[in-house]
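# Notes for the structure review
These are the residues of each chain, in order.
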Amino acid sequence: MIHIAICDDDGVQIKKTEKLIRQKAARFSPETDLFSDGAGLIKAVKNGGYTPDLAVLDIHMPGNSGIDVAKTLNLLTPECRIIFLTSFLGYATEVYETRHSYFILKSELPDRIDAALTKALEDRAQEPRLRFREGRTIQTAAVSEFLYLERILKKTAVVLCNGSKHFTAAKAEEVLKDVPPGCFVRCHQSFWVNTEKIASMKSESFVLLNGEEIPISRSRKKEAKEAFFAQLERQAEAR
């Protein structure tokens, strides 16, 4: 079973989208939840503990646009895969400000939704997960859920996108040993940052998507700059 959030302010369109998804995703036993605006979906995630596996978002909506909602979901529930819907091709470049799996014009929805669902669920299944010990408990999280790691005295703080912080005796290098190259950059003696969560780079710090700033040491500046621009190149290639 997969949980799918569908967000669209057009009452007729959202029912059409739900019907198509139920038909095309029948093999996954989909449970669908409908939201008429982005604020409602964000509230459900923030306050209600709602964690959809997949979100199908109309881009052009009053208030929070689908792109705004996707940015929030990327932070609060990183494992949720995003499919964008729109009637306007002009949004095709703006969606790359977010982490998403597919972009569909509403006029092409019947022809594209099957491929979009398959791609989104493959993305979710293939993402590597990391394990670390916290006390007597083994914690596990997808790479996209990690914001950064900080070495504090003899422990490593693992900071996740949902704001939670975990402490492990393992060194950061041990926690990240199975991470694909380029996913994290060590920008300071004490900090390792998920490159996908970097919004911008200042002379002495990274600004993350949640607004938090992580220091960049002088000795790590070259490595940090190279990692930042490599991430920008990956984003450009994805377009």
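Residues numbered from 1 in each chain as written. Predicted model: local features only at pLDDT ≥ 70, side-chain atom pairs only at ≥ 80, totals over all residues. Heavy atoms only, no water.

### Examining the overall build of the chain
Each helix and strand in the chain was counted, giving six helices and 15 strands. Relative to its length of 239 residues, the chain is compact, with a C-alpha radius of gyration of 19 Å against a globular reference of 18 Å. By principal-axis analysis of the C-alpha atoms, the chain measures approximately 55 × 40 × 30 Å. Looking at the chain as a whole, 47% of its 239 residues qualify as buried. For the chain, long-range pairs separated by at least 24 residues make up 53% of all intrachain contacts whose partners lie at least 6 apart in sequence. By element, 49% of the accessible surface of the chain is carried by carbon and sulfur atoms, the whole surface being about 12300 Å². (Helix = DSSP H or I, 4+ residues; strand = E, 2+ residues; numbered from the N terminus. Rg over C-alpha atoms; globule rule 2.2 N^0.38 Å. Buried < 20%, exposed > 50% of the residue type's maximum accessible area, 1.4 Å probe, protein only. Contact = heavy atoms within 4.5 Å. Areas by Shrake-Rupley, 256 points an atom, 1.4 Å probe, with all protein chains shown as cover.)

### Details of the packing of aromatic side chains
If you walk through the whole model with that rule in mind, you get six aromatic pairs. Relative to phenylalanine 191, the ring of tyrosine 148 lies with its centre 6.0 Å away and its plane at 50°, an arrangement referred to as tilted. Placement of tyrosine 148 in strand 8 (residues 146-152) and of phenylalanine 191 in strand 12 (residues 191-194) is noted, with a sequence separation of 43 residues between them. With respect to burial, tyrosine 148 and phenylalanine 191 carry one shared label: buried. When the ring of phenylalanine 228 is compared with that of phenylalanine 229, the centres are 5.5 Å apart and the planes differ by 70°; the resulting orientation is edge-to-face. Look at phenylalanine 229 and you get partly exposed, because its relative accessible area is 40%. Cluster of aromatic residues (ring-pair linked, three or more members): Phe132, Phe146 and Phe184. (Phe/Tyr/Trp six-rings, centres within 6.5 Å; stacked < 30°, edge-to-face > 60°.)

### Digging into the pairing of strand 6 (residues 129-134)
Pairing between strand 6 and strand 7 (residues 137-142): six bridges, direction antiparallel. Note on strand 7: the bridge partner recorded for glutamate 134 is threonine 137. (Pairing = 2+ DSSP bridges.)

### Structural notes on the pairing of strand 9 (residues 155-160)
In summary, the side chains of a regular strand alternate between the two faces of the sheet. Most of strand 9 sits inside the fold, with five of its six residues counted as buried. Across six bridges, the pairing between strand 8 and strand 9 is antiparallel. Bridging across to strand 9, tyrosine 148 finds its partner in valine 159. With four bridges connecting them, strand 9 and strand 10 (residues 165-168) associate as antiparallel partners. Its bridge partner being in strand 10, valine 159 is matched across the sheet by lysine 165. Where strand 9 folds back on strand 10, the antiparallel hairpin that results is connected by four residues, among which glycine 163 adopts a positive phi of roughly 95°.

### Considerations on the layout of surface pockets
Estimated volume of the largest pocket: approximately 1200 Å³. Every residue lining the largest pocket is counted, 40 residues in all, and those nearest its centre are Thr98, Arg99, His100, Glu196 and Gln231. Of all the elements, helix 6 (residues 221-238) adds the most residues to the lining of the largest pocket, at six residues. What lines the second largest pocket is a set of 16 residues, and nearest its centre among them are Thr51, Leu76, Thr77, Pro78 and Glu145. Looking at the lining of the second largest pocket, its residues break down into eight nonpolar, four polar and four charged. (1 Å grid on protein atoms, 1.4 Å probe; cavity = no way out; pocket = protein on both sides within 12 Å on 5 of 7 lines; lining within 4 Å. Points joined across faces, edges and corners; volume = space filled by probe spheres on them. Nonpolar A, V, L, I, M, F, W, Y, C, P; charged D, E, K, R; others polar.)

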